[in-house]
Amino acid sequence: MTTIADRRVDRARTLRSARATVGAYVSLTKPKLVELLLVTTLPAMMLAAGGWPDTGLVVATLVGGMLAAGAANTINCWYDRDIDRLMSRTRDRPIPSGVIAPRNALWFGVLLAWVSLVLLGLFTTPLATALAAGAVLAYSVVYTMVLKRRTHHNTVFGGLPGAAPVLIGWAAVTGSLDWPAVVFFGIVFCWQMPHFWALASRFRYDYFRAGVPMLSVVAGPVSVGRQSVAWAWATLAVSLLMAPVTPLLGWTTGIATLVLGGWYVVESHAWLNRIRAGVPDRPMRLFSVSITYMTLVSIALVVDVLV
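Every value quoted in this text rests on a predicted model; they were computed, and no experiment measured them. In this numbering scheme, every chain counts its residues from 1 along its sequence in written order. Per-residue local features of the predicted model are confined to residues with pLDDT of at least 70, and side-chain atom pairs are confined, for both listing and counting, to 80 or more; whole-chain, interface and lining totals are unaffected and use all residues. Each side-chain value is derived from all of the structure's non-hydrogen atoms; neither hydrogens nor water enter the calculation.

Engineer: I'd love a proper account of the overall build of the chain, names of residues and values included.
Structural biologist: Secondary structure elements follow DSSP: runs of H or I no shorter than four residues count as helices, runs of E no shorter than two count as strands, and numbering proceeds from the N terminus. Helices and strands together make up the secondary structure of the chain, namely 15 helices and 0 strands. Here the radius of gyration uses the C-alpha set of atoms, whereas the globule reference equals 2.2 Å times the residue count to the power 0.38. For the chain, whose C-alpha radius of gyration is 21 Å, the value lies close to the compact-globule estimate of 19 Å for 307 residues. Here the C-alpha coordinates of the chain stretch approximately 70 × 55 × 40 Å along the principal axes. Each residue gets one of three labels from its accessible area relative to the maximum for its type: buried under 20%, exposed over 50%, partly exposed in between, using a 1.4 Å probe on protein chains only. When each of the 307 residues of the chain is scored for burial, the buried share is 50%. As presented, the chain carries roughly 14300 Å² of accessible surface, and 67% of it is formed by carbon and sulfur atoms. Charge convention: Lys and Arg are scored as positive, Asp and Glu as negative, and His as well as the terminal groups of each chain are ignored. Where a charge lies is defined by one atom per residue type, namely NZ (Lys), CZ (Arg), CG (Asp) and CD (Glu). Taking the average place of the 25 positive charges on the side chains of the chain and the average place of its 13 negative ones, the gap between the two points comes to 8 Å. We get accessible surface area from the Shrake-Rupley algorithm with a probe of 1.4 Å; when it comes to residues, only the shown protein chains can shield them.

And the structure:
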């Protein structure tokens with residue numbers, strides 16, 4: 001009886017260990033960030049198709065995009081493991097905490113990239129595959145390895161691969177690009193600046209300790225707030241072009257982009273006003289609003305296409 005009980009305990013421990021290892025590898029991909037990126041992919045595909053695209057194409061594109069984004073994030077975690085150890089927000093990630101060996105993480109990232117490009121290459125279009133490859137290289141190599149530790153302009157460049165899922169989704173359906181895709185790309189690109197600068201401001205001391213020249217480290221809070229306001233206004237301005245350049249869209253998108261964009265602008269101004277007043281600036285409030293903004297804009301586009 002004791003032997004049987006011991007075996008059951010060993011199996012339970014092995015199962016828990018396997019689950020923990022799988023969970024650690026999944027966390028390397030930063031699934032919350034991947035989910036936010038994919039929120040923009042499906043609306044782009046539906047805009048390109050003028051309705052619901054082929055389901056197989058949707059699945060292939062979303063899975064391929066998820067794996068590509070996960071690959072870029074994993075390689076980012078591998079390269080940034082030294083500074084992740086210095087930051088309270090990241091020191092518990094699998095590599096700095098010792099759960100996953102750096103070499104294994106790198107190979108995992110490379111494998112994800114390879115699988116994603118094979119999947120996109122087989123089931124989507126050459127342009128979508130090339131855009132995905134470019135986004136992975138831009139984020140994991142140019143942003144992470146070249147720019148992140150050298151210039152505070154890193155966030156602006158990082159916004160390019162961050163907005164790439166829009167172009168990938170459109171190209172997966174049409175094999176080309178058009179103005180609606182470019183405008184939607186512009187919305188996501190501009191939106192990312194206040195979104196990330198709010199987060200970076202919340203953890204500015206982490207970045208300072210790690211020696212990463214984020215804007216919140218090299219510029220004063222008022223300057224960060226002003227630039228966030230400017231980019232929020234840019235987000236609103238670009239978003240108002242969405243309906244005019246997309247004939248199949250109607251009043252739903254027009255009203256949604258105006259109201260939601262206005263909300264984003266108001267919240268960015270509120271953050272700047274708190275900074276100037278010298279009261280707790282609560283940057284994560286703008287961060288939360290930014291996530292809600294992008295989610296609702298994407299939903300509005302889907303509804304407008306279907307209705």
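From this point, the narrative continues.
Engineer: Could you give me a rundown of helix H3 (residues 41-49), with the residues and numbers involved?
Structural biologist: With 7 of 9 residues buried, H3 is to be regarded as a mostly interior element. For H3, every residue scored as buried is listed here: Thr-41, Pro-43, Ala-44, Met-45, Met-46, Leu-47 and Ala-48. Where the residues of H3 are buried, they touch helix H2 (31-38), helix H4 (55-79), helix H8 (154-174), helix H9 (179-202), helix H13 (242-245) and helix H15 (283-306). In the stretch just after H3, Gly-50 is the one whose phi turns positive, near 70°. The criterion used for residue contact is that any of the two residues' heavy atoms lie within 4.5 Å.

Engineer: Describe the nonpolar core, naming the residues involved and giving the relevant values.
Structural biologist: Nonpolar side chains in soluble globular proteins tend to be buried together. Counting residues in each nonpolar core, the largest one holds 59 residues, and the members touching the most others are Leu-47, Phe-184, Tyr-207, Met-242 and Tyr-293. By nonpolar core is meant a set of buried Ala, Val, Leu, Ile, Met, Phe, Trp, Tyr and Cys residues that side-chain atoms within 4.5 Å join together. In this structure, Val-58, Leu-120, Ala-128 and Ala-132 belong to the second largest nonpolar core, which totals 11 residues.

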